[in-house]
Structure formats: structure tokens, C-alpha cells
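Each chain is listed here by its residues.
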Amino acid sequence: MFRFPYTLILSMVLGVFCLTLVACAAKPNPVVKGVLHGELTWQGDVFVAGDVILEEDVKLTILPGTRVRFMPADNGPGELVEHPHFPGSELIIKGKIHAVGTPAEPILFEAVDPDAAAGFWGAINLFGSQDAVFEYCVFRQANSAIHSWDSQVYIEQSLFEDNLVGIRFNASEILIEHNLLRNNHTGVRFHFGSPVICENEFIANSVNLFVTSHPRDYRIENNVFGIPAEYHVVFGEEVPEDVNLARNFWRHENPSAIFDSFYDGRRSPYLGKVLVEPQRTSSPSQAGLSWSP
């Protein structure tokens with residue numbers, strides 16, 4: 001009776017195993033582009049090419065440790081470049097997004113090029129999203145890392161660094177707590193909206209807070225505003241009313257000159273003034289991140 005040699009069987013099994021490993025190793029990282037629908041889960045390395053639109057029926061879950069990396073605009077359509085969109089690849093989210101990392105495995109949103117400058121990619125644009133959650137995330141190298149229009153947004157325990165604008169929003173219900181915004185041109189910029197901005201830390205931004213138009217129903221307190229390169233607070237020309245920023249801690253080289261770091265009614269008679277009293281005399285113990293990125 002003929003018997004198949006065991007050595008040949010072993011060689012064939014090992015060969016198939018090796019081919020499987022090669023196929024797995026050669027599997028390309030997922031690239032997303034165009035218009036997306038349905039329930040989606042992202043993990044590992046995900047590459048965003050051009051303007052990716054997540055329609056109203058989308059629920060996107062991004063798992064801990066995921067790196068969402070934005071490619072140059074010429075790798076995708078990238079046709080939406082005028083405000084409220086931005087040049088560069090971006091996510092345009094009309095549905096739901098839950099990006100919840102952990103201290104050990106934060107979720108990264110960054111340029112595919114680690115040496116790229118701020119503004120390399122556009123934004124995570126939220127348009128009418130009624131459920132957008134970002135926790136334990138890191139945002140780098142964006143034009144406006146999170147940009148929200150008429151959405152409900154929760155942002156906690158996240159790092160925004162090396163962006164043109166960290167968080168920008170218009171007419172949104174937005175909760176911004178326990179975040180670190182550093183080395184951005186502008187930390188937070190908003191137009192209308194009902195923000196709660198509490199217990200965040202601002203470090204080494206050119207402008208910490210830019211209020212462009214008619215703030216309403218806001219609560220901004222118990223934050224640490226570090227020494228800015230230009231201004232602590234800037235008012236746009238549509239802010240004729242005073243803005244109450246009491247109960248915050250302001251770092252400044254000369255305590256008597258704190259008002260020089262405000263671009264408000266003290267510089268232009270058409271603008272309201274920043275109201276800071278009572279000021280916190282020490283840094284809130286819970287301000288900023290509870291973890292080290």
C-alpha cells in the first residue's frame with residue numbers, strides 16, 4: 001500500500017501556513033473614501049482619503065488604540081474646501097460617532113505624515129449630529145480638529161495640540177471638560193452655541209479663547225488659561241455684550257496687566273468686555289487631563 005510521506009505532508013502544511021502569513025502581512029490598511037452608510041466600526045490604522053461623508057444613518061464606533069490618519073487631499077476627491085469645510089481630507093459626520101479610547105489606548109486623529117504642519121488635514125466636521133462623543137482622544141495637525149454645526153457634542157479627557165484651531169463650533173450644545181489644549185493657534189473658537197467649558201487646561205496657544213458672535217447660555221469656569229503667545233481672549237466684531245469668565249484661573253507674567261491680554265471693549269468701544277471677577281487664585285485640581293499622553 002502506498003503511504004504518503006509524512007515529511008511531504010509537513011512541508012505542504014508549513015507552505016500553506018507561510019502563504020497565509022504572507023497574505024495577512026500583505027493585507028493593506030483600510031482606506032475610507034466617498035459616502036458611507038450604516039453601522040461602522042473602525043480599529044487599527046484607518047486612512048481617510050479626501051472628503052469622507054458619513055450620512056445620517058451612520059453610527060460609527062472607533063475602538064481604543066485606533067489611529068485615524070488623514071492622507072493628502074490629492075489621494076481623494078477633496079472638493080469641499082470653502083467654509084464650513086476646509087482644505088485637506090476630512091470627515092463630514094451627519095450621523096452618530098462614538099470615539100472612546102482609554103488612558104492606555106487613546107484614539108489618535110493625525111496626519112499620515114508625522115512631520116506635517118498644522119492644517120495638513122481639514123476637520124472632523126459634525127453637521128446636525130445628535131450624538132457625538134470623544135473621550136481619551138488625541139487630535140493633531142488639523143485645520144480645525146473638531147468643527148461642530150448644530151450638533152450635540154461631548155468632549156472629555158482629550159488632547160488637542162499643533163492644530164490651527166482645536167475646537168470650533170457654531171450653534172451647538174457642546175460639553176468640553178477635562179481636556180488639554182496646547183500649542184494650537186486658537187484653543188477654542190465659537191459662534192453662538194450653548195457651551196459648557198469647564199476644568200480644561202490651555203497651554204502655549206497663540207489665542208486661548210476666540211468668541212466670534214453673540215454668546216448665549218454659556219458656562220465657562222474652573223479652567224486654567226496658560227500664558228498665550230498673543231491673547232487670552234479675543235472678541236469678534238459681533239460681540240457687543242460683556243462675557244462673564246469669572247471663576248477661572250489666569251496665568252500671566254504681570255498680574256496687573258491681565259487685561260492687556262484681552263482683545264475686547266478695552267481696545268474697541270464697539271465690543272463688550274471680559275468679566276473675570278471673582279478670579280480663582282489657584283489652579284483647579286481637576287483641570288486638564290487625568291492621564292499622560
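Thresholds applied
Residues numbered from 1 in each chain as written. Predicted model: local features only at pLDDT ≥ 70, side-chain atom pairs only at ≥ 80, totals over all residues. Heavy atoms only, no water. Helix = DSSP H or I, 4+ residues; strand = E, 2+ residues; numbered from the N terminus. Buried < 20%, exposed > 50% of the residue type's maximum accessible area, 1.4 Å probe, protein only. Polar contact = N/O pair within 3.5 Å; in protein donor to acceptor, adjacent residues only side chain to side chain. Contact = heavy atoms within 4.5 Å. Pairing = 2+ DSSP bridges. pLDDT = per-residue confidence, 0-100. Core = buried A, V, L, I, M, F, W, Y, C linked by side-chain atoms within 4.5 Å. Salt bridge = Lys/Arg side-chain N within 4 Å of Asp/Glu carboxyl O. Phe/Tyr/Trp six-rings, centres within 6.5 Å; stacked < 30°, edge-to-face > 60°. Lys NZ or Arg CZ within 6 Å of the ring centre and 35° of its normal.

**Student:** I'm lost on the side chain of E161 in this one. Help?
**Tutor:** Mapped onto the secondary structure, E161 falls in strand β16 (residues 159-161). On the basis of relative accessible area, E161 is assigned to the buried category, the value being 8%. Among the polar contacts made by the side chain of E161, one reaches the side chain of R140 at a distance of 2.6 Å. In contact with E161, not counting residues within four places along its chain, are F139, R140, Q141, R182, N183 and N184.

**Student:** Would you explain the pairing of strand β26 (residues 231-238) in this entry?
**Tutor:** The side chains of a regular strand alternate between the sheet's two faces. Examined bridge by bridge, strand β23 (residues 207-213) and β26 share 5 bridges and lie parallel to one another. Counted as the bridge partner of F210 is V234 from β26. As paired elements, β26 and strand β29 (residues 262-263) share 2 bridges and run parallel to each other. Its bridge partner being in β29, V234 is matched across the sheet by Y263.

**Student:** What am I meant to see in the confidence of the model for the protein here?
**Tutor:** Any segment with low pLDDT has predicted coordinates that should not be analysed in fine detail. With 86% of its residues at a pLDDT of 70 or more, the protein shows a mean pLDDT of 88. Note that pLDDT drops below 50 for residues 6-27; the model gives that stretch 2 contacts with residues more than four away or on any other chain.

**Student:** I tried to follow the nonpolar core on my own but got confused; where do I start?
**Tutor:** Note that soluble globular proteins tend to have their nonpolar side chains buried in a common cluster. Formed by 57 residues in total, the largest nonpolar core has its most connected members in F109 and F134. In contact with F109, not counting residues within four places along its chain, are I62, V68, F70, A99, W121, I124, C137, V138, F139 and R140.

**Student:** When you look at the pattern of salt bridges in this model, what are you seeing that I'm missing?
**Tutor:** When charged atoms on two side chains of opposite charge get close, those side chains can pair. Within this structure, the stated rule accounts for 11 salt bridges. Note that D264 is salt-bridged to R266, the shortest N-O span being 2.3 Å. A residue is classified by how much of its surface remains accessible, and D264, at 0% relative accessible area, is buried. Sharing partners across several salt bridges, the network here consists of D45, R67, R69, E110, R140, E161 and R182.

**Student:** I keep staring at the environment of I107 and nothing clicks. Help me out?
**Tutor:** By the secondary structure assignment, I107 is in strand β10 (residues 107-111). On a C-alpha basis, the gap between I107 and C137 in space is 4.6 Å, while along the polypeptide they are 30 residues apart. Those residues within four positions of I107 in sequence are excluded, and the remaining contacts are I62, L63, P64, G65, T66, A99, V100, G101, Y136, C137 and V138.

**Student:** What am I meant to see in the environment of F210 here?
**Tutor:** Position of F210 among the secondary structure elements: in strand β23. Its relative accessible area of 18% is what places F210 among the buried residues. Leave out the neighbours within four places in its chain, and F210 touches T186, V188, R189, F190, V234, F235 and G236.

**Student:** What is the right way to read the pairing of strand β8 (residues 90-93) from this model?
**Tutor:** Here β8 shows two buried faces, one formed by E90 and I92 and the other by L91 and I93. Where β8 and strand β11 (residues 121-127) come together, 3 bridges link them in parallel fashion. Bridged to L91 within β11 is I124.

**Student:** Is there a simple way to think about the packing of aromatic side chains in this case?
**Tutor:** To describe a pair of aromatic rings, you give the distance between the ring centres and the angle between the ring planes. Considering all chains together, one arrives at 13 aromatic pairs under this definition. When the centroid spacing of 5.0 Å and the interplanar angle of 5 degrees are considered together, the rings of F169 and F190 count as stacked. Here F169, found in strand β17 (residues 165-170), pairs with F190, found in strand β20 (residues 186-191); they are 21 residues apart in sequence, far enough to count as distant. Like F190, F169 is buried. For the pair F225 and W250, a centre-to-centre distance of 4.5 Å together with 15 degrees between the ring planes defines the contact as stacked. Taken together, the residues span a long stretch of sequence, with F225 in strand β25 (residues 224-225) and W250 in strand β28 (residues 249-250) at a distance of 25 residues. This pair shows no difference in class: F225 is buried, exactly as W250 is. Among the aromatic residues, those joined into a ring-pair cluster are F202, F225, W250, F259 and F262. For R189, the ring lying beneath its charged end belongs to F210, and the centroid distance is 4.4 Å.

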